[in-house]
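Structural description and commentary
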Amino acid sequence: MSICKPTPSTLRLLLRVTPNARRTSISAPSSFERAEAVALRVAAPPRDGEANEEVIKFISKALSCSKGSIQIVKGLKGRDKVVQIEGVHKEVEEVRKLLEGLVDR
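The rules behind each value
- Residues numbered from 1 in each chain as written.
- Predicted model: local features only at pLDDT ≥ 70, side-chain atom pairs only at ≥ 80, totals over all residues.
- Heavy atoms only, no water.
- Pairing = 2+ DSSP bridges.
- Helix = DSSP H or I, 4+ residues; strand = E, 2+ residues; numbered from the N terminus.
- Expected span 1.5 Å × (residues − 1).
- Buried < 20%, exposed > 50% of the residue type's maximum accessible area, 1.4 Å probe, protein only.
- Contact = heavy atoms within 4.5 Å.

Examined bridge by bridge, strand β1 (residues 3–7) and strand β2 (residues 10–18) share 3 bridges and lie antiparallel to one another. Paired with Ile3 across the bridge in β2 is Leu13. Between the end of β1 and the start of β2, which pair antiparallel, lie 2 residues.

Right, dumping it as structure tokens:
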């Protein structure tokens, strides 16, 4: 599953990031339940952490949380990333619906 909650206030997202996109957006299938990862295209290039910064900025805005509460815990130099968000009190289903609403069709 692409979204999980290991603790009541922590959320983890599995992302497949594609850099150098025209604009930052989610390009995942409409059903995140079956998807292994949320596909996220970012407008930043994959150098000097620019793409990672764009990932954090996008997730922060999408989930209405601070950038400081978001950490890439796995995949800093790769396309497959695990992003952990602290202090999130939304349920997995609520987060899934928020992200599905942002899918670029």
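The end-to-end C-alpha distance of helix α1 (residues 50–63), which contains 14 residues, comes to 20 Å, matching closely the 20 Å that a straight helix rising 1.5 Å per residue would cover. Among the 14 residues in α1, 10 count as buried, and that is most of the element. Those residues of α1 not exposed but buried are Ala51, Asn52, Glu54, Val55, Ile56, Phe58, Ile59, Ser60, Ala62 and Leu63. Considering only its buried residues, α1 is in contact with β2, β3 (25–26), β4 (38–41), β5 (70–74), β6 (80–86) and α2 (92–100). Positive phi appears at Ser64, one or two residues downstream of α1, with a value of about 55°.

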